Amino acid sequence: EVGNYISSQIRKVEGRLDDEEKADQTSLLSLPDEILTTILQCVAEISEDPNRYTRTSFRLSLICQRLRCISISTQSLWKYTNNLMPSEMVETCFRRLSSPIAEVELTYSFWPKENSPTRSTLIKSSISYLSTAIPFSRFWRRFKHEANNLTVDGMRELAFLTRGLIAPHLSSLSVHHRQKVSNPRNGGR
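We now turn to the structure provided with this report.

**Focus on the packing of aromatic side chains**
Step number 1: Under the criterion given, the structure shown has four aromatic pairs.
Step number 2: Pairing Trp140 with Phe143 gives two aromatic rings, centres 5.5 Å apart and planes at 15 degrees, and the pair type is stacked. In terms of burial, Trp140 and Phe143 fall into one category: buried.

This is how it looks when you write it as structure tokens:
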């Protein structure tokens, strides 16, 4: 008898929680698109890491059909891409842009230090990324390249890939490399 009473109380509490959750969802989704757009942007901007920002944007677009439509049409959610993202994600971000606001970044600073990739892995990730991003260069607003761990040959290969690139809306170009770039032909110096 006590067990039945406790079970009935649990069902009542679960019912109230379900009702409260539905009410919360209904009240959130009853907001105008402009407010939901601002909320989506704020949620994505919580992370300063471009990878997390973009992954959060993807997650937000999967919540429900209405938020998917709003997030896909919110340009700022898709502007960050870099060479550490899968090619499919990079391409999806560019396909969701209709104005030139893309921030393109070749970076190696987000790799965990204990799991640092080889130079050939860095070059391959950069080549793969640029191969995906270059066809969308008409959307580029910023280009940032941090080459703290590349060889001279790796930098030449990246320069070759971007030679002749047409990015008519590019307003910010930033290229950083460490003072001593290693050259494998002379023993890594």
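**Focus on the nonpolar core**
Step number 1: The biggest cluster of nonpolar side chains holds 28 residues, and the ones touching the most others in it are Phe94, Tyr129, Leu130 and Trp140.
Step number 2: Looking at this core, the elements that each hand over two or more residues are helix 2 (33-45), helix 3 (50-60), helix 4 (65-73), helix 5 (87-95), strand 2 (102-106), helix 6 (119-133) and strand 3 (140-147).
Step number 3: Sort the elements by how many residues they give to this core and helix 5 lands first, with four residues.
Step number 4: Leave out the neighbours within four places in its chain, and Phe94 touches Thr81, Ala102, Val104, Ala133, Phe136, Phe139 and Trp140.

**What about the packing of helix 2 against helix 4?**
Step number 1: It is the contact of helix 2 with helix 4, at a shortest axis distance of 10 Å, that shows an interaxial angle of 75 degrees. With respect to helix 4, the element helix 2 is oriented roughly perpendicular. The segment helix 2 lies against helix 4, with Asp33, Leu36, Thr37 and Leu40 engaging Arg66, Leu67, Ile70 and Ser71.
Step number 2: Counted by class, the contact of helix 2 with helix 4 contains four nonpolar, two polar and two charged residues.

Thresholds applied
- Residues numbered from 1 in each chain as written.
- Predicted model: local features only at pLDDT ≥ 70, side-chain atom pairs only at ≥ 80, totals over all residues.
- Heavy atoms only, no water.
- Phe/Tyr/Trp six-rings, centres within 6.5 Å; stacked < 30°, edge-to-face > 60°.
- Buried < 20%, exposed > 50% of the residue type's maximum accessible area, 1.4 Å probe, protein only.
- Core = buried A, V, L, I, M, F, W, Y, C linked by side-chain atoms within 4.5 Å.
- Helix = DSSP H or I, 4+ residues; strand = E, 2+ residues; numbered from the N terminus.
- Contact = heavy atoms within 4.5 Å.
- Axes fitted to C-alpha atoms, helices over the stretch in contact; angles between N-to-C directions.
- Parallel < 35°, antiparallel > 145°, perpendicular 65-115°, else oblique.
- Nonpolar A, V, L, I, M, F, W, Y, C, P; charged D, E, K, R; others polar.

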